[in-house]
Amino acid sequence: MKNRIIKYAAFLLSLLLIVGNLTFIQPLAVHAATLDDAVTIKAIDENGEEVFGVTAIEIDEGDTAFDVLLEAGEKKDKEIQYDEYDFGNYVTGIGDVLETNTHSWSFNVNGKAADVGASSFEVENGDNVLFALRDLDDFSPEVSINVTATDINDNAIINKEVAIATGSSAYDALYQAAAQEDLSLDVSVDDTYFTFVNNVGETDLGPNDYWNVAVDNEALSTSIADHPVQEGQEVQLQVTTYESPEDVEEEEETPSEEEEAPAEEAEDESKTPVDKETPAINAKQVQVNVDDILSYMDAASIELSYGSEWWVWGVAHTNREIPDSYVKSIEALVKDNEGEFRNLFELEKIIIGLSAAGKDATDINGTNLIEKLATHSWMEEGDPAINAAIYGLLAIDSAEFAVSEDFRTMLITSILDKELENGGWSFFGSNPSPDITGMALAALAPYKEDPKVKTAIDRAVTYLSESQDAEGGYDIAFNGGDSSESVSQAIIGLAAVGADPTSPSFTKEGGNLLQHLVKFKQEDGGYSHLLDGGSTDMSTQQALLAFVAYQKLVNGTGSVYQFSAPVEEEPPNEPEQPEDPEDTEKPEEDPNQPGTDDEPKDEDPKPEKGDNTSDNGKNNETNEHVKQLENAGNKQTNASGEKLPNTSTNTFNFLASGLVLLLIGGAIFLMWRKRQANESM
């Protein structure tokens with residue numbers, strides 16, 4: 001039974017790790033584990049804001065909700081204030097949120113107020129505890145939620161409307177609906193990923209079946225216990241079967257003379273698969289897809305403000321400007337929270353967004369967000385979670401911010417240390433994922449000249465090629481199957497390190513990565529999570545980033561996560577491509593591609609990061625970090641012993657050239673002055 005629980009938990013985790021914004025769903029630890037007996041607990045203030053977020057607490061028999069609160073307070077560094085009475089302990093404060101004459105702390109379990117006090121309520125495995133500061137005039141507010149659950153044959157198991165305490169989660173709604181239908185819930189609690197639903201009632205589940213959880217038809221990107229629900233929403237569970245992709249024999253087709261493509265199209269199709277139903281895609285068509293996504297945004301009235309960072313990153317590379325309202329919304333946020341960010345991922349996203357908007361994150365109304373990042377409590381131990389390290393590195397490189405080399409080296413080393421044995425990265429376990437691997441490539445790209453980084457990049461590029469299925473995508477159980485986000489992140493990461501996602505190495509029977517991404521396009525211009533789904537913002541945001549990443553690869557203008565203006569000078573040495581599993585071809589340039597002109601281009605994309613020299617001596621800092629990395633304790637070794645492509649312009653060469661020009665200019669000026677003086681005599 002325990003193995004079955006673990007298997008079902010792993011399948012349900014697929015819904016929690018849908019990338020898109022895989023990186024920012026919650027801090028993800030590397031060594032997560034399912035707890036034998038545990039509960040989850042959360043505390044919110046009178047406005048519904050978290051005092052501390054969902055926390056998993058392991059329990060012993062006889063433990064009470066008050067015991068759990070005390071342990072959570074210790075774990076989250078929140079002081080628990082209470083008064084002792086004969087009837088039990090009365091909570092008066094959690095952290096710096098205290099009761100007042102008008103508000104007091106309420107105690108709820110699984111969406112309902114308990115009949116006894118917290119110090120008398122014995123908790124059981126799977127319970128979800130909520131402490132909320134409530135208005136005494138409305139001490140038990142509730143919301144109505146509809147819950148549905150269907151088996152593999154679409155037979156209804158639950159179809160119930162329930163009332164639960166305001167601020168409760170989707171899990172609380174499910175718990176109450178199951179209780180009303182007299183159905184048991186088989187759940188397990190993980191110390192990092194929180195609550196998993198293994199089964200509802202006695203529903204028959206096949207070996208590859210799992211419970212798909214959604215709210216209002218949107219798959220959850222967090223645990224069901226960490227997703228608050230609002231009035232009128234619907235929590236939906238459905239048994240879903242994961243099927244591995246079938247091996248498809250390659251069939252060669254020879255087009256008839258009538259089907260012969262024009263010469264220009266034939267050249268494009270040299271990179272495409274044998275499957276003629278998959279259309280070729282060139283630079284002009286990439287731009288059409290970008291324009292269609294912008295039209296999707298217009299139709300959906302998407303406004304760029306705080307919380308829309310994924311949109312901001314992509315739009316910044318189009319012909320549209322980031323509105324001032326975005327920066328103002330961030331400034332208001334920083335003012336309201338006095339520059340303090342409890343959530344590290346929120347801070348990292350905002351820094352990248354500000355760089356995209358051309359705003360200096362070191363001075364947001366006097367607050368230095370880069371300093372806040374470097375000193376954040378999640379960074380203190382020197383070994384942040386993999387996604388925290390990745391986006392921390394992307395943040396400090398988004399506008400070439402000056403940070404200590406110790407901090408930069410710590411982030412790089414942390415990523416390298418988490419590389420899996422056969423290449424690639426994952427949030428947990430021994431199986432790499434294309435999503436996190438693509439993000440890691442984007443973060444490490446500016447540091448390709450370090451041998452350890454180069455070796456990791458080469459292995460990751462090989463993994464992304466070899467793990468593609470016959471259709472050209474990535475059928476990953478954790479993502480619910482073949483997802484567009486996996487394809488988008490792979491494209492972004494490959495483009496960042498200079499590997500062409502349309503090359504033979506990334507072309508399978510069903511198409512290359514770019515062709516496969518277009519299969520997810522919907523009539524409204526948006527992109528779906530799975531091939532049989534509808535448009536979602538998450539999928540469309542990442543598709544936009546993927547398309548502009550490919551454009552920047554074609555044009556040699558760097559990574560989508562870097563927003564400094566590129567230097568016009570050509571690099572002193574032509575950089576080499578990262579080692580590809582097969583010979584790759586440079587993306588074909590198109591006269592219709594934005595940013596291109598009739599001038600001849602280099603054979604390879606321009607260096608991405610090192611070319612962007614600045615007055616603060618960033619390149620010298622990068623060279624210094626390379627020295628530190630060479631001495632850092634790291635499991636990677638340079639298997640090939642080859643030197644990495646030089647992606648950093650030598651600052652000394654520029655300074656020396658500038659000094660020579662300055663001396664020549666000074667000599668000419670003195671000669672001119674002397675001549676003027678002679679003529680005036």
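No experiment lies behind these values; they were computed from the predicted model shown.

Colleague: Explain the overall build of the protein to me, please; I cannot follow it from the model alone.
Modeller: For the protein, the helix and strand inventory stands at 18 helices and 22 strands. Burial statistics for the protein: of 681 residues in total, 54% are counted as buried. The long-range fraction of contacts in the protein, counting pairs at least 24 apart against all pairs at least 6 apart in sequence, stands at 70%. Of the roughly 30900 Å² that the protein leaves accessible, carbon and sulfur atoms contribute 45%.

Colleague: I would appreciate a short explanation of the nonpolar core in the present structure.
Modeller: Proteins that are soluble and globular tend to have nonpolar side chains buried together. Within the largest apolar cluster, 104 residues are counted, with the highest numbers of intra-cluster contacts made by Leu369, Ile390, Ile415 and Tyr561. Per-element tally for this core: the top contributor is helix H16 (residues 537-555), with ten residues. Residues within four places of leucine 369 in sequence aside, it is in contact with Val334, Phe341, Leu347, Ile350, Ile351, Leu354, Ala361, Thr362 and Ile364. Counting residues in each nonpolar core, the second largest holds 27 residues, with Tyr171, Leu174, Val213 and Val239 among its members.

Colleague: Explanation requested: the sheet that holds strand E13 (residues 194-200) in the structure shown.
Modeller: Sheet strands pair by backbone hydrogen bonding; their relative direction is either parallel or antiparallel. Pairing within the open sheet is antiparallel, and its three strands lie in the order E1-E12-E13. Whereas interior strands pair on both sides, the edge strands pair on one side only; in this sheet they are strand E1 (34-35) and E13.

Colleague: Please explain the pattern of salt bridges as it appears in this structure.
Modeller: With the rule as written, the count across this model stands at twelve salt bridges. The salt bridge partner of arginine 320 is aspartate 298, with a shortest N-O separation of 2.7 Å. Of the two residues, arginine 320 is situated in the loop between helix H6 (309-315) and helix H7 (324-336) and aspartate 298 in helix H5 (residues 283-299); the sequence distance between them amounts to 22 residues. Here arginine 320 falls in the partly exposed class, since its relative accessible area comes to 32%. Classification of aspartate 298 by relative accessible area gives partly exposed; the value is 45%. With a closest N to O distance of 3.4 Å, glutamate 405 and arginine 408 form a salt bridge.

Colleague: Explain the sheet that holds strand E11 (residues 156-165) here, please?
Modeller: Strand order in the open sheet formed by five strands is E11-E10-E16-E14-E15, and the pairing between neighbours is mixed. Since the sheet does not close on itself, it has two edges, and those belong to E11 and strand E15 (218-219), each with one partner. Inspection of the sheet shows strand E14 (residues 209-215) paired to strand E16 (residues 234-241) by seven bridges, in the antiparallel sense. Counterpart to valine 213 in the pairing with E16 is leucine 237. In the packing of helix H3 (residues 170-180) onto the sheet, contacts are made with strand E10 (142-150), E11, E14 and E16, and the angle to E11 comes to roughly 120°.

Colleague: What is the right way to read the packing of aromatic side chains from this model?
Modeller: To describe a pair of aromatic rings, one takes the distance between the centres and the angle between the planes. Counted according to the given criterion, the structure contains twelve aromatic pairs. With a centroid separation of 6.2 Å and 85° between ring planes, the pair formed by tyrosine 391 and tyrosine 561 is classed as edge-to-face. Note that tyrosine 391 is positioned in helix H10 (residues 386-397) and tyrosine 561 in the loop between H16 and helix H17 (618-631), a separation of 170 residues in sequence. The exposure class assigned to tyrosine 561 is buried, which follows from its relative accessible area of 2%. Feature note: the residues Trp310, Trp313, Tyr391 and Tyr561 constitute an aromatic cluster, connected by ring pairs.

Colleague: How should I be thinking about the pairing of strand E5 (residues 88-94) in this particular structure?
Modeller: The side chains of a regular strand alternate between both faces of the sheet. When you tally the buried positions in E5, you get five out of seven residues, the bulk of the element. Direction of pairing for strand E4 (residues 80-85) relative to E5: antiparallel, over a ladder of six bridges. Counterpart to tyrosine 82 in the pairing with E5 is valine 91. Where E4 hands over to E5, the hairpin turn is made up of two residues, counted between the paired strands. Relative to strand E6 (residues 97-98), E5 runs antiparallel, the two sharing two bridges. Paired with isoleucine 94 across the bridge in E6 is valine 97. Counted along the chain from E5 to the antiparallel partner E6, the turn is two residues long, and its residue glycine 95 has a positive phi close to 65°.

Colleague: Would you explain the confidence of the model for the protein in this entry?
Modeller: Low-confidence regions, as indicated by low pLDDT, have predicted coordinates that should not be scrutinised in detail. For the protein, the average pLDDT comes to 79, and 72% of its residues sit at 70 or higher. Across the protein, the secondary-structure element scoring lowest on mean pLDDT is helix H4 (residues 263-269), at 40, and the one scoring highest is helix H14 (residues 484-496), at 97. For residues 630-660, every residue scores under 50 in pLDDT, and the model assigns this stretch 62 contacts once sequence neighbours within four places are set aside. Segment residues 677-681 is flagged for pLDDT under 50; beyond a separation of four residues in sequence, or across chains, it makes zero contacts in the model.

Colleague: Can you walk me through the side chain of histidine 376 in this structure?
Modeller: Mapped onto the secondary structure, histidine 376 falls in the loop between helix H9 (369-374) and H10. Taking the relative accessible area as the measure of exposure, histidine 376 reaches 7% and is therefore buried. Setting aside chain neighbours within four positions, we find histidine 376 in contact with Phe341, Arg342, Asn343, Leu344 and Leu347.

Colleague: How do you make sense of unusual backbone geometry when you look at a structure like this?
Modeller: Across the chain, the bulk of peptide bonds are trans and the bulk of non-glycine residues have phi less than zero. One non-glycine residue, aspartate 182, lies in positive phi territory at about 55°. Structurally, aspartate 182 can be placed in the loop between H3 and strand E12 (185-190). The phi torsion at asparagine 365 lies on the positive side, around 55°, for a residue other than glycine. Looking at the secondary structure, you find asparagine 365 in the loop between helix H8 (344-356) and H9. For asparagine 365, a relative accessible area of 55% translates into the label exposed.

Colleague: Help me understand the pairing of strand E2 (residues 38-44) in this model?
Modeller: Where burial is concerned, most of E2 is hidden: seven out of the seven residues are buried. Side chains Ala38, Thr40, Lys42 and Ile44 of E2 all project onto a buried face; the interleaved residues Val39, Ile41 and Ala43 project onto the opposite face, where all are buried too. Pairing of E2 with strand E3 (residues 50-58) involves six bridges; the strand directions are antiparallel. Residue pairing for E3: isoleucine 44 is matched across the bridge by glutamate 50. Connecting E2 to the next strand, E3, in antiparallel fashion are five residues, including glycine 48 with a positive phi near 85°. Relative to strand E9 (residues 128-135), E2 runs parallel, the two being bridged by five bridges. By the bridge assignment, threonine 40 is partnered in E9 with asparagine 128.

Colleague: I'm lost on the environment of valine 143 in this one. Help?
Modeller: In this structure, valine 143 sits in strand E10. Residue classification places valine 143 among the buried positions, given a relative accessible area of 9%. Considering only alpha carbons, one finds valine 143 and valine 229, 86 residues apart in sequence, at a separation of 8.4 Å. Aside from chain neighbours lying at most four places away, what touches valine 143 is Val162, Ala163, Ile164, Thr166, Val229, Gln230 and Glu231.

Colleague: Looking at this structure, I do not really get helix H11 (residues 405-417). What am I missing?
Modeller: Since one α-helical turn is 3.6 residues long, residues separated by three or four positions face the same way. In this model, H11 (13 residues) spans 18 Å end to end at C-alpha, consistent with the 18 Å of a helix rising 1.5 Å per residue. The element H11 is extensively covered by neighbouring structure, given that eleven of its 13 residues are classed as buried. All of the buried residues along H11 are Glu405, Phe407, Arg408, Thr409, Met410, Leu411, Ile412, Thr413, Ser414, Ile415 and Leu416.

Definitions and cut-offs
Residues numbered from 1 in each chain as written. Predicted model: local features only at pLDDT ≥ 70, side-chain atom pairs only at ≥ 80, totals over all residues. Heavy atoms only, no water. Helix = DSSP H or I, 4+ residues; strand = E, 2+ residues; numbered from the N terminus. Buried < 20%, exposed > 50% of the residue type's maximum accessible area, 1.4 Å probe, protein only. Contact = heavy atoms within 4.5 Å. Areas by Shrake-Rupley, 256 points an atom, 1.4 Å probe, with all protein chains shown as cover. Core = buried A, V, L, I, M, F, W, Y, C linked by side-chain atoms within 4.5 Å. Pairing = 2+ DSSP bridges. Salt bridge = Lys/Arg side-chain N within 4 Å of Asp/Glu carboxyl O. Axes fitted to C-alpha atoms, helices over the stretch in contact; angles between N-to-C directions. Phe/Tyr/Trp six-rings, centres within 6.5 Å; stacked < 30°, edge-to-face > 60°. pLDDT = per-residue confidence, 0-100. Expected span 1.5 Å × (residues − 1).

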